Amino acid sequence: MLKERIQKALNEQIQAEFYSGYLYLAMSAWSQARNYEGFAHWMRMQAQEELQHAMKFFDYVHATGGQALVRAIPQPDTEWADPVAMFQAALDHERHMTQNINNLAGLAIKENDFATNITLQWFISEQVEEEAAVEAILGKLAMMGGNGPGLFMLDRELAARPAPTPPAAA
Ligand SMILES: [Fe+2]
Ligand SMILES: [Fe+2]
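So, how was this worked out
Residues numbered from 1 in each chain as written. Chains lettered and ligands numbered in written order. Predicted model: local features only at pLDDT ≥ 70, side-chain atom pairs only at ≥ 80, totals over all residues. Helix = DSSP H or I, 4+ residues; strand = E, 2+ residues; numbered from the N terminus. Buried ≥ 20, exposed ≤ 12 C-beta atoms within 10 Å, placed from the backbone. Contact = placed C-beta atoms within 7 Å. Core = buried A, V, L, I, M, F, W, Y, C linked by C-beta atoms within 7 Å.

### Here's the deal with the overall build of the protein chain
Then, in step 1: Tallying secondary structure elements over the protein chain gives five helices and zero strands in all.
Then, in step 2: Walking the protein chain from its N terminus toward its C terminus, one meets helices and strands in the order α-α-α-α-α.
Then, in step 3: Taken over the C-alpha atoms alone, the protein chain extends approximately 55 × 25 × 25 Å along its principal axes.
Then, in step 4: The 170 residues of the protein chain split such that 32% are buried.
Then, in step 5: Restricting to contacts in the protein chain with at least 6 residues of sequence separation, those with at least 24 account for 78%.

### Concerning the nonpolar core
For soluble globular proteins, nonpolar side chains are generally found buried alongside one another.
Then, in step 1: Of all hydrophobic cores here, the largest spans 35 residues; its most connected members are Leu10, Ile14, Met27, Phe39, Met43, Phe57 and Val61.
Then, in step 2: For this core, the elements supplying multiple residues, two or more each, are helix 1 (4-33), helix 2 (37-63), helix 3 (83-110), helix 4 (114-144) and helix 5 (148-158).
Then, in step 3: Filtering out sequence-adjacent residues up to four positions away, Phe57 remains in contact with Leu10, Gln13, Ile14 and Glu17.

### A word on unusual backbone geometry
Then, in step 1: At Asn35, a residue that is not glycine, the phi angle is positive and equals roughly 65 degrees.
Then, in step 2: Here Asn35 is to be found in the loop between helix 1 and helix 2.
Then, in step 3: Since 9 C-beta atoms lie within 10 Å of it, Asn35 is described here as exposed.
Then, in step 4: In this structure, Asn112 takes a positive phi of about 55 degrees despite not being glycine.
Then, in step 5: Summarising the element assignment, Asn112 is placed in the loop between helix 3 and helix 4.

Any link to function would need more than the numbers given here.
Given below as structure tokens:
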């Protein structure tokens, strides 16, 4: 059985994961409208992955006797100056989400909630991967320094991102 404080925090994280999905969907739309088809695809796959994160928490709340909340999702930004600004916003957001997950893990430890702590371990590793993936893209963008052919090649590279496989159930 989930403690009330933990359930509340998990429900806030479900909303935050849905917001992440919404933000990446907005980034996908921005890219698509400017013919960055690879970036649009990459962001769309990222949005799918965030919905899977939301559902992993959603299922975990029910597996532990709680009830997941379906809260309103805030409006994300929809415009960026250029692809660099967009991927930088994605990295800033992932760093913020890492902080969220770390705070949740800290709360679970404080409340002696070992099951929630184990579930959060997966998310802690996932955040390391997500930050690294966006940092790698930003690194390549910095390397080409606004170079058109480089941007074209990176866009093509990101078009190859496979669909995310759902994480194992909680
Ligand atoms: Fe996530
Ligand atoms: Fe993420």
